[in-house]
Amino acid sequence: MSPSTPADDYRGSGLLFPPDFVFGSATASYQIEGAAGEDGRTPSIWDTFSRTPGRVWNGDTGDIACDHYHRVEQDLDLMTELGLEAYRFSIAWPRIVPTASGEINQKGIDFYSRLVDGLRERGIRPVATLYHWDLPQYLEDAGGWAARETTDAFERYAEVMGRALGDRVDTWTTLNEPWCSAYLGYGQGGHAPGRHEPASALAAVHHLNLAHGRALQALRATSTGDPDYSVTLNFHVLRGQGDGASEAMRRIDALANRSFTGPMLRGEYPADLLADTSSVTDWSFVREGDLATVHQPIDVLGVNYYSTATVRLWDGISPKQQNDGHKGAVGGTAWPGSDQLVEFVEQPGPYTAMGWNIAPEGLEELLVSLSEQFPDQALMVTENGAAFDDHVADDGTVPDPERTDYLRRHFTAAHRALQRGVDLRGYFVWSLLDNFEWGYGYAKRFGIVRVDFDTLQRTVKDSGHWYRDLIRTRALPV
Ligand code: FCB
């Protein structure tokens, strides 16, 4: 779609959002908290990974990050200043259950309890994610997500959190982007724990699905309030190239999208996924009764979207590794089939500082497609945003017109989806704060609030002011 015609440029201004549409912003524990060794927290796989030379840009770690753990009051006030209606955060599992003994760390619970109370006092809805990638290291040492026992531990952790916060959270989210946990963590290796084991990656897919289902049961059994239940997935919005374009798209759609939506929302793994991957695994880790456990009702499906992906069949001798260490990473590895591999190819720009292409029409297409595939399923954009190389102006402000433009275009896309009848409940901008961007360390800034990583000072960027106006008026600023 060409962005040159006014009707299609996705810069709709003045568009009004419905009164019950929720405007929020999102973060994740390891990316912002710091205090890595405090109050009983033990290492997660990301502590181990980031301390391993060569894994993260510049040797950056989350040891201090944004120091949110100590600055939570200040950050809550920032949320009020921006007018946020909801805040999506994640809970660090190794703060809650720090050792293999299973003992609960009350100090960890207290921290999140204060956060939730602070949000509610300010009229901000708490949206809590149980797992945003910081698996306790002791569980990885026992096999990680490739081992079924990890789902037992996750269920117990969910029970603990349901009891502790289930009277006060607005929404429970089980997992953030299990695609990254499974394929980047255990297949491609660009994320913690950094393993290169295709069969383990597929076992991890199933164990994450099972963990989701078991956690939902545990949260429902223990939450005394009336929370919504959800999961957040990152969907591949695919474009195809070359002769085998549609076959390449089908395979990646099965591997990346339907391997989660199938069991979670339909109670089955897609037949084509099982066939495509038969040379890698026989899927015997799926046991009797598992799919019924995975298939729990959810109130809202969380959708993370940043860009599209273009794929083509590639039948060269060795797989080409077209991979930024974060997204688009299942392509280069020896996946399914496997006389022909699927390759991720470069996409037309413009790009963000991550090298991800800017394609707001992909968000509209995704939301419409999901609501066609799952007509009764309410949707929520749980992450969308952009990294750019910001600079601080002489007057101390942070003018970031590219980020504002990105957000304007994606909010317009969401608005178009609403107009096309999609049951879209809200939108969380990634991210509230510049933070530890996984393999990229502190080199990539996604915040609508700048963090100076020397002084830890916070400054609302121009995009943050723009967002505040959007929330206040419920209309895209002119
Ligand atoms: C998503 C992650 C989030 C952040 C953004 C840029 O995949 O969920 O933590 O890294 O990408």
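Keep in mind that this is a model prediction, so the values were computed, not measured.

Peer 1: Explain the overall build of the protein here, please?
Peer 2: The number of helices and strands found in the protein is 15 helices and 13 strands. Each principal axis of the C-alpha distribution contributes one length, and for the protein these read about 60 × 60 × 45 Å. In the protein, buried positions account for 64% of the 478 residues. Contacts spanning at least 24 positions in sequence make up 78% of the contacts within the protein whose residues lie at least 6 apart. When the accessible area of the protein is evaluated, it comes to approximately 17200 Å², of which 48% is carbon and sulfur surface.

Peer 1: What is the right way to look at unusual backbone geometry in this model?
Peer 2: Among all residues save glycine, negative phi is the norm, and among peptide bonds the norm is trans. The residue after Ala192, namely Pro193, is reached through a cis peptide bond having omega 5 degrees. Among the secondary structure elements, Pro193 is positioned in the loop between helix 8 (178-188) and helix 9 (198-222). With an omega dihedral of 10 degrees, the bond running from Trp430 to Ser431 counts as a cis peptide bond. Structurally, Ser431 can be placed in the loop between strand 11 (424-430) and strand 12 (449-451). With a phi close to 50 degrees, Ala65 is a non-glycine residue in the positive phi region. Residue classification places Ala65 among the buried positions, given a relative accessible area of 4%.

Peer 1: Sorry, what's going on with the side chain of His206 here?
Peer 2: Note that His206 resides in helix 9. Overall, the relative accessible area of 0% leaves His206 in the buried class. Leaving out residues up to four positions away in the same chain, His206 has contacts with Arg148, Tyr269, Phe285, Val286, Arg287 and Asp290.

Peer 1: What am I meant to see in the UniProt feature "active site" (unreviewed entry) in the protein here?
Peer 2: Within this structure's numbering, the places UniProt gives as "active site" (unreviewed entry) are Glu177 and Glu383. For the residues just named, distributed over 207 residues, the greatest C-alpha separation is only 10.4 Å, placing them together at one site. The topology assignment puts Glu177 in the loop between strand 4 (171-176) and helix 8. Mapped onto the fold, Glu383 is located in strand 10 (residues 378-384). Among residues more than four places away in sequence, those in contact with Glu383 are Arg88, His132, Asn176, Glu177, Val303, Asn304, Tyr305, Tyr306, Phe428 and Trp430.

Peer 1: In this structure, what is going on with the packing of helix 3 (residues 72-82) against helix 5 (residues 106-121)? I would like to understand it.
Peer 2: Helices that pack against each other are described as a pair by the angle of their axes relative to one another and the distance between those axes. Where helix 3 meets helix 5, the axes come as close as 10 Å, and the angle between the chain directions of the two elements is 25 degrees. With respect to helix 5, the axis of helix 3 lies roughly parallel. Considering the relative orientation of helix 3 and helix 5, their crossing is right-handed. When helix 3 is examined against helix 5, the residues Val72, Leu76 and Met79 are found in contact with a partner set consisting of Phe111, Leu115, Gly118 and Leu119. In terms of residue class, the contact of helix 3 with helix 5 is made up of 6 nonpolar, 1 polar and no charged.

Peer 1: What exactly am I supposed to notice about helix 13 (residues 360-373) here?
Peer 2: Counted at 1.5 Å a residue, the expected span for helix 13 with its 14 residues is 20 Å, and the 20 Å between its end C-alpha atoms agrees. Summarising burial for helix 13: 10 of the 14 residues are buried, a large majority. Taken residue by residue, helix 13 has Pro360, Glu361, Gly362, Leu363, Glu364, Leu366, Leu367, Val368, Leu370 and Ser371 as its buried positions.

Peer 1: Which parts of the structure should I look at to understand the pairing of strand 7 (residues 300-304)?
Peer 2: In regular strands, side chains alternate between the two faces of the sheet. For strand 7, the tally of buried residues reaches 5 of 5 residues, placing the bulk of the element in the interior. Of the two faces of strand 7, both are covered, the one formed by Val300, Gly302 and Asn304 as well as the one formed by Leu301 and Val303. As defined by bridge partners, strand 5 (residues 228-234) adjoins strand 7 across 5 bridges and the pair is classed as parallel. Paired with Val231 across the two strands is Leu301, which belongs to strand 7. The sheet contact formed by strand 7 and strand 10 spans 5 bridges and is parallel.

What counts and what doesn't
Residues numbered from 1 in each chain as written. Predicted model: local features only at pLDDT ≥ 70, side-chain atom pairs only at ≥ 80, totals over all residues. Heavy atoms only, no water. Helix = DSSP H or I, 4+ residues; strand = E, 2+ residues; numbered from the N terminus. Buried < 20%, exposed > 50% of the residue type's maximum accessible area, 1.4 Å probe, protein only. Contact = heavy atoms within 4.5 Å. Areas by Shrake-Rupley, 256 points an atom, 1.4 Å probe, with all protein chains shown as cover. UniProt positions renumbered as here; feature names shortened; annotations may be inferred. Axes fitted to C-alpha atoms, helices over the stretch in contact; angles between N-to-C directions. Parallel < 35°, antiparallel > 145°, perpendicular 65-115°, else oblique. Left-handed = near helix turned anticlockwise from the far one by under 90°. Nonpolar A, V, L, I, M, F, W, Y, C, P; charged D, E, K, R; others polar. Expected span 1.5 Å × (residues − 1). Pairing = 2+ DSSP bridges.

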